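# Examination of the molecular architecture
What follows is each chain in one-letter form.
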Amino acid sequence: MSPPANDMPAAPIKTLDKDGKEITTVGFQRFGFDSEVPLDVLRSLYLRPHYVLKANELESLSSAIEESSNAQFTQGAAYQSKSIYHPDTKGISYTTLSRFPPVKLLPPSERKRILVTGGAGFVGSHLVDRLMILGHEITVIDNFFTGSKTTVSHWIGHPNFEMVRHDVVEPFMIECDQIYHLACPASPPHYQFNAVKTIKTSFMGTLNMLGLAKRTKARFLISSTSEVYGDPEVHPQTEDYWGHVNPIGPRACYDEGKRVAETLTYGFQRQDGVDVRVARIFNTYGPRMNPYDGRVVSNFIVQALKGEDMTVYGDGTQTRSFQYIHDLVDGMIALMNSDESRPVNIGNGDEFTIGDFAKLVREIVEKVQDEDGVKRARRVEIKYEPIPTDDPQKRRPDTTRAKQSLQWQPRWTVRMGLEEMVRYYKAKMAEGSL
Ligand SMILES: O=C(O)[C@H]1O[C@H](OP(=O)(O)OP(=O)(O)OC[C@H]2O[C@@H](n3ccc(=O)[nH]c3=O)[C@H](O)[C@@H]2O)[C@H](O)[C@@H](O)[C@@H]1O
C-alpha cells in the first residue's frame, strides 16, 4: 500500500541565512555556554509531515517509508510519539516514545538546573527544546492558559525534564541556577481577554519569580517586550528610549504590566543584588505559534492556506519587524549567559509595512503550494478591517547593544522563516487539526 499523501517536497530543503550560507546548526559557543545544536534535530521535534495518523493508515505506514519522508527535514522518526485518530469511534490514541531525542551528557559542573516559566508556550517550548538537547535539567511551569502541553510533550518522562501546572501569580519553590521568566499571555486578543489577570500575571508573577531568584541566587531573565516602547516617537527604538504608552488603553495591561515587571526586576537588582537580564523581544514568529492567537503572521498564513482573504487592519501602512524563533532563542541564551544586565532589544531589523507583509506571505504560501502541486481555487485577496485602538504605527529594533554586548545578530531571513512556518501549518492542515 502506498503511504498517505504527505505534504513535504521531494528534495531536502536547504535553509540559507542572510549571507546566503546554509544554516545547519543554531546557537553558538559564547560566554562559556555552548548553545549550538543541529537544526535537523530541532526540526524533528516541530516539523513533521503529519502530526496525527488515521488508525487505518498506521498499518500501511512502514517505518522505512515514514523514515524516508521524515528524512527530508529530519534525521528520522525514531524520536517521535504518534497520535492516532480512530474515525469509527472519533477517538484519538497516543503512543509513547520509543526513545527520546539524544541530549548531551554534561558533567555535573556544567549541567544547570533551569526553570522556564511559560515553558509550554510558543517561545518557551523552543527554548526548552534547545536547553534539553544541550543536556540541562529543565523544569517547566505553565498554567496552560495560552500554552499547551503538546508543545513539550515529547520530553515528558525524560529524567532531565519536569513539567508542573502552576500559575506564577502563586509562589513556587524550587532550587535552580537560572530562571527564564516567560509566563504571560502575549498576543493582543489573549492578553486583552482578561486584562486584570494579564497585569496581575506580569506584576505578581514577576515578583514571585524574583523572590525565588533572590533566595536561590539564580540568575533571572525576564522576557520583556518592544511594547514597553508603546507607539514610539523614536525610530528605530533603542533601549534608552523611555517609550510612549497609553496607560489606560486596551493594550496597557500588557505594556504597563511589562514596564512594571522591568521596574521590579531592577528594584531587586539594586536592593537585593539579584543577577538580572532583561530581553525586550520584538515580534517573533515560528512553528508552534497558536494558529488562532490572532497575531498577524499566524492570521495571514492560515488565511492564505485556507484560501480566505487576508485581513489587514487599518490601511496597512503601520510597520513591524519580524524575527524567527531560532534567532530569538539564540539571543536569549546569549543574554542569559553574558554579563549584560541592561535591557537588550532582541529582534530582526527587517521592517515591513503590514500591507507589504501580507503580499509577501501570500507569495510564499503560493510558492509552497506550487512546489507541492496544490491547486488554488482563486488567488486570495487582501481585505481591510478597522485598526485596533493604540496599534503602534511603527516598530523596528535598534540592535546595536545586542551586537556589541552579545555578539548576536539575527541570521534568518523573513522569507526562510516564513517558508518553514507555512510548511508547519500546511502539515497541520493536511491532517485536519487546523
Ligand atoms: O512582539 C512584540 O513586540 C509585541 O507585539 C505584538 O503585538 P503586535 O505587534 O500588535 O502584533 P500583531 O497582533 O501580530 O499585529 C501586528 C500588526 O499587524 C496588524 N494585523 C494583525 C492581525 C491581522 O490579521 N491583520 C493585521 O493587519 C496589527 O494591527 C498590527 O499593526 C505581540 O502580540 C506581543 O506579544 C509582543 O510583545
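Residues numbered from 1 in each chain as written. Predicted model: local features only at pLDDT ≥ 70, side-chain atom pairs only at ≥ 80, totals over all residues. Heavy atoms only, no water.

We now examine the overall build of the protein. A tally of helices and strands in the protein yields twelve helices and 20 strands. Within the protein, the fraction of its 434 residues that count as buried is 55%. Contacts in the protein between residues at least 24 apart in sequence constitute 78% of all its contacts with a sequence separation of at least 6. (Helix = DSSP H or I, 4+ residues; strand = E, 2+ residues; numbered from the N terminus. Buried < 20%, exposed > 50% of the residue type's maximum accessible area, 1.4 Å probe, protein only. Contact = heavy atoms within 4.5 Å.)

Further remarks concern the state of the cysteines. One pass over the full model with this rule turns up zero disulfides. Between C176, a free cysteine, and C184, which holds the nearest cysteine sulfur, the sulfur-to-sulfur gap is 20 Å. The class for C176 is buried, based on a relative accessible area of 3%. Here C253 is not disulfide-linked; the sulfur of C184 is the nearest cysteine sulfur, at 8.2 Å. (Disulfide = S-S within 2.5 Å.)

Now for the packing of aromatic side chains. Enumeration over the complete set of coordinates arrives at eleven aromatic pairs. Here Y324 and W412 contribute two aromatic rings whose centre-to-centre distance is 4.6 Å and whose plane-to-plane angle is 40 degrees, an arrangement assigned as tilted. Highlighted residues: Y324 in strand β17 (residues 323–324) and W412 in the loop between α11 (400–406) and α12 (414–431), separated in sequence by 88 residues. The exposure class of Y324 is buried, given its relative accessible area of 1%. We classify W412 as buried; its relative accessible area is 1%. Ring-pair connections join several aromatic residues into one group, and the members of that group are F300, F322, F352 and F357. (Phe/Tyr/Trp six-rings, centres within 6.5 Å; stacked < 30°, edge-to-face > 60°.)

With that settled, the discussion passes to the pairing of strand β6 (residues 83–86). In terms of strand pairing, β6 meets strand β7 (residues 91–94) through four bridges, oriented antiparallel. Within the sheet, the bridge partner assigned to Y85 lies in β7 and is I92. Counted along the chain from β6 to the antiparallel partner β7, the turn is four residues long, and its residue K90 has a positive phi close to 55 degrees. (Pairing = 2+ DSSP bridges.)

Next up on the list: the nonpolar core. Among the nonpolar cores identified, the biggest contains 78 residues, and Y180, I301, F357 and L418 are the most heavily contacted of them. In contact with Y180, other than residues within four places in its own chain, are I114, L115, V116, T117, L127, L131, L221, M332, I333, M336 and N337. One finds M209, L264, Y266 and V274 within the second-largest nonpolar core, a separate group that totals 22 residues. (Core = buried A, V, L, I, M, F, W, Y, C linked by side-chain atoms within 4.5 Å.)

Moving on, we get to unusual backbone geometry. The peptide bond linking H235 to P236 adopts the cis configuration, its omega dihedral lying at -10 degrees. The residue F31 is not glycine, and still its phi comes out positive at about 55 degrees. Within the element layout of this structure, F31 appears in the loop between β2 (29–30) and β3 (33–34).

Following the criterion strictly, the structure yields 32 salt bridges and no others. Across the salt bridge formed by K14 and E22, the nearest N and O atoms sit 4.0 Å from each other. Judged by relative accessible area, E22 falls into the partly exposed class, the value being 39%. Each of K367, E371, D372, E419, R423 and K426 takes part in salt bridges that share partners, so that together they form one network. (Salt bridge = Lys/Arg side-chain N within 4 Å of Asp/Glu carboxyl O.)

To continue, consider helix α10 (residues 354–371). The end-to-end C-alpha separation of α10 is 26 Å, in line with the 26 Å expected for 18 residues at 1.5 Å each. Of the positions making up α10, those classed as buried are I354, G355, F357, A358, L360, V361, R362, I364, V365, E366, V368 and Q369. Elements in contact with the buried residues of α10: α8 (296–306), β15 (310–313), β16 (319–321), β19 (351–353), β20 (382–385) and α12. Within two residues after α10, G373 carries a phi angle of roughly 70 degrees, on the positive side. (Expected span 1.5 Å × (residues − 1).)

Turning next to the sheet that holds strand β13 (residues 276–281). Pairing between the strands of a sheet is mediated by backbone hydrogen bonds and can be parallel or antiparallel. If you walk across this open sheet you meet the seven strands as β10-β9-β8-β11-β12-β13-β18, and the pairing is parallel. Looking at the sheet topology across the chains shown, the edges are occupied by β10 (161–165) and β18 (343–346). Within the sheet, the average angular offset between the axes of one strand and its neighbour, ignoring direction, is 20 degrees. Alignment of strand β9 (residues 137–142) against β10, held across five bridges, turns out to be parallel. Considered in β10, the bridge of I138 is made with F161. Seen against the sheet, helix α4 (residues 122–133) touches β8 (113–117), β9, β10 and β11 (178–181) and runs at an angle of roughly 170 degrees to β8. Sheet strands in contact with helix α9 (residues 325–337) are β11, β12 (219–225), β13 and β18, and its direction is about 140 degrees off that of β11. (Axes fitted to C-alpha atoms, helices over the stretch in contact; angles between N-to-C directions.)

A word on the UniProt feature "domain: NAD(P)-binding" (unreviewed entry) in the protein. If you check UniProt for "domain: NAD(P)-binding" (unreviewed entry), the listed places come out as residues 115–421 in our numbering. Split by type, residues 115–421 is 38% helix and 17% strand. Its first and last C-alpha atoms lie 27 Å apart. (UniProt positions renumbered as here; feature names shortened; annotations may be inferred.)

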